[in-house]
Amino acid sequence: MAVDEAQNRILKSIEPLRKEQVQIDDAYNRILATDIYSPFNLPLSPNSSMDGFAVRVEDLLDIEKEGSVTLTVVGDIPAGIIPQVELGPGQCARIMTGAVLPGGADAVVPVENTDFVSRDPGIQVPEIVEIYQPAKPGEYVREAGEDLSKGDLVISEGTRLFPEHIGILAMMGFLSVSVYSSPRVAIISTGDELIFPGEQLLPGKLYDSNSYTLAALVKQAGGITVSTAIAGDSLGSIENNLEDAFLKGVDAIISSAGVSVGAFDFIRGVIERNGQVEFWRVNMRPGKPFLFGFYKGIPFFGLPGNPVSAFVGFDVFVQPAILRMGGAKNWKKLVIGVDLLEPIYSDGRESYLRSKVYRKGGRYQAELTDHQGSGNLYSLIMANALLIVPAGTKYVPAGEQLEAWIIRDIIE
Ligand code: AMP
Ligand code: MG
């Protein structure tokens, strides 16, 4: 099965979960369950965008000929109050950034364009001020409603809330907001060779890394890992662990390993006995032996065991599913065109190769990070992108372009 088709089939069978109300302080990374409209105009009142003098534009017309005009200062308007003055001909008022414009004023002249250049705190307002620059109507004035008008749709349902969304919710006076519940996920590693970090490492054994990687990925996608467990390579052990997850009432189960065609690969059989297999095996690399189905009605994602395969399989199939469950309306990966610094060989499957993408000479360039063995987790930590080789392509020469999926910023 092609990667797209597999993604579509998964998303088609997944619905957003419950909704809940959360305080906006807790809404970061959650997905909005309702459309948000502006309850008032923003800004609420016309206000100054500079420290300076609120003026009447018509009083400054002589500056062109005379070089300056002198105005009488009739008020001093700090931020946070309703101005009591009303400007008449030849009058102005000192005004601070964010302060409401007084009646009669139609522009602000920044303090730098006057003879009153002192901006030190506590300095008294002068009685008269000389203005050197004419103004256009509305200059340095933030009009009421210029950012948002009352009733504007500001954030749509299905949007993930980033820090700036939280800020604008506060700006509109919201204390709490309706979001979708975070998907609750169980993670099961399978394999007789697996032990937990902390246990003694003996030949033949291997620390379970997948359940840790996957739990972090679940968190990144907005889900909550309710349990992690290691199941042995037997039908009974896998079934017991799935049943435990079922009894916890999770929204999804993710397993790794035991899903290939080996003699000890029991995942498929267990899902067939207790639910449905929707599909098994996808035309991709790494990550081909991926299974999607339902265990007693719970969406089940069977990822391959190799650590990089599990990671890529999660990113490609499970991440969009968890986002969808968590209420996200639309998800698209961030891909950019990159120049290849080396030739790329593939086997015709849609491939996701660990690579480092960086900008050089105004273009993005990509190079592979170390060897692409699907157990080589180190090459993944050296990467910031997955270079996508389309299905059907076996060779791309150096210097050609491919698309790279940026998986993270560079923080090092
Ligand atoms: P399997 O799909 O069971 O054949 O596993 C494929 C490879 O992935 C084997 O080398 C396993 O030892 C390795 N592997 C499986 N599960 C894990 C895990 N949880 N953490 C790290 N490596 C694993
Ligand atoms: Mg195994």
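Scroll up a little and you will see the structure.
From a predicted model like this one, the values you see are computed outputs, not experimental measurements.

Caption draft 1: Representation of the overall build of the protein in the model. Scanning the protein for helices and strands turns up 8 helices and 27 strands. In summary, the protein has a C-alpha radius of gyration of 31 Å against a globular reference of 22 Å for 412 residues, an excess of more than 25%. The principal-axis extents of the C-alpha atoms in the protein amount to approximately 95 × 50 × 40 Å. Total accessible area on the protein is roughly 19,900 Å²; 52% of this is exposed by carbon and sulfur atoms. Between the averaged position of the 35 positive side-chain charges in the protein and that of its 51 negative side-chain charges there is a distance of 11 Å.

Caption draft 2: Main features of the sheet that holds strand β4 (residues 52-55). Across the sheet, which stays open at both edges, the 5 strands sit in the order β7-β4-β6-β5-β8 with mixed pairing between neighbours. Single-partner strands in this sheet number two, and they are β7 (107-110) and β8 (128-131). Taking each pair of neighbouring strands and ignoring which way they run, the sheet shows an average axis angle of 40°.

Caption draft 3: Main features of the layout of surface pockets. Its volume calculated, the largest pocket comes out at about 600 Å³. Looking at the largest pocket, it is lined by 20 residues, and the ones nearest its centre are Gln220, Gln319, Ile406, Ile407 and Arg408. Only α4 (210-220), α7 (307-325), α8 (377-381) and β27 (401-406) provide two or more residues apiece to the lining of the largest pocket. It is α4 that provides the largest number of residues to the lining of the largest pocket, a total of 4 residues. Of the residues in the lining of the largest pocket, the class split is 12 nonpolar, 3 polar and 5 charged.

Caption draft 4: Looking closely at the site of ligand 1. If you check the shell around ligand 1, you find 15 residues, and the closest are Glu193, Asp208, Ser209, Gly305 and Asn306. Between an oxygen atom of ligand 1 and a main-chain N or O atom of Gly305, the distance comes to 3.2 Å. With respect to ligand 1, the backbone of Asn306 contributes an N or O atom lying 3.1 Å from an oxygen atom. Here ligand 1 loses 77% of its free accessible area of 490 Å² to cover by the protein chains. Taken together, the elements giving at least two residues each to the shell around ligand 1 come down to β12 (184-190) and β14 (206-207). The residue inventory of the shell around ligand 1, partitioned by class, reads 5 nonpolar, 8 polar and 2 charged.

Caption draft 5: Geometry of the environment of Val74. One can find Val74 in strand β5 (residues 69-77). Distance from Val74 to Asp62, taken between C-alpha atoms, is 20 Å for residues 12 residues apart in sequence. Among residues more than four places away in sequence, those in contact with Val74 are Val85, Leu87, Gln91 and Cys92.

Each value, and the rule that gives it
Residues numbered from 1 in each chain as written. Chains lettered and ligands numbered in written order. Predicted model: local features only at pLDDT ≥ 70, side-chain atom pairs only at ≥ 80, totals over all residues. Heavy atoms only, no water. Helix = DSSP H or I, 4+ residues; strand = E, 2+ residues; numbered from the N terminus. Rg over C-alpha atoms; globule rule 2.2 N^0.38 Å. Areas by Shrake-Rupley, 256 points an atom, 1.4 Å probe, with all protein chains shown as cover. Lys, Arg positive; Asp, Glu negative; His and termini not counted. Charge placed at Lys NZ, Arg CZ, Asp CG, Glu CD. Pairing = 2+ DSSP bridges. Axes fitted to C-alpha atoms, helices over the stretch in contact; angles between N-to-C directions. 1 Å grid on protein atoms, 1.4 Å probe; cavity = no way out; pocket = protein on both sides within 12 Å on 5 of 7 lines; lining within 4 Å. Points joined across faces, edges and corners; volume = space filled by probe spheres on them. Nonpolar A, V, L, I, M, F, W, Y, C, P; charged D, E, K, R; others polar. Near = heavy atom within 4 Å. Polar contact = N/O pair within 3.5 Å; in protein donor to acceptor, adjacent residues only side chain to side chain. Contact = heavy atoms within 4.5 Å.

Don't take any of this as a statement about function, it's just geometry.
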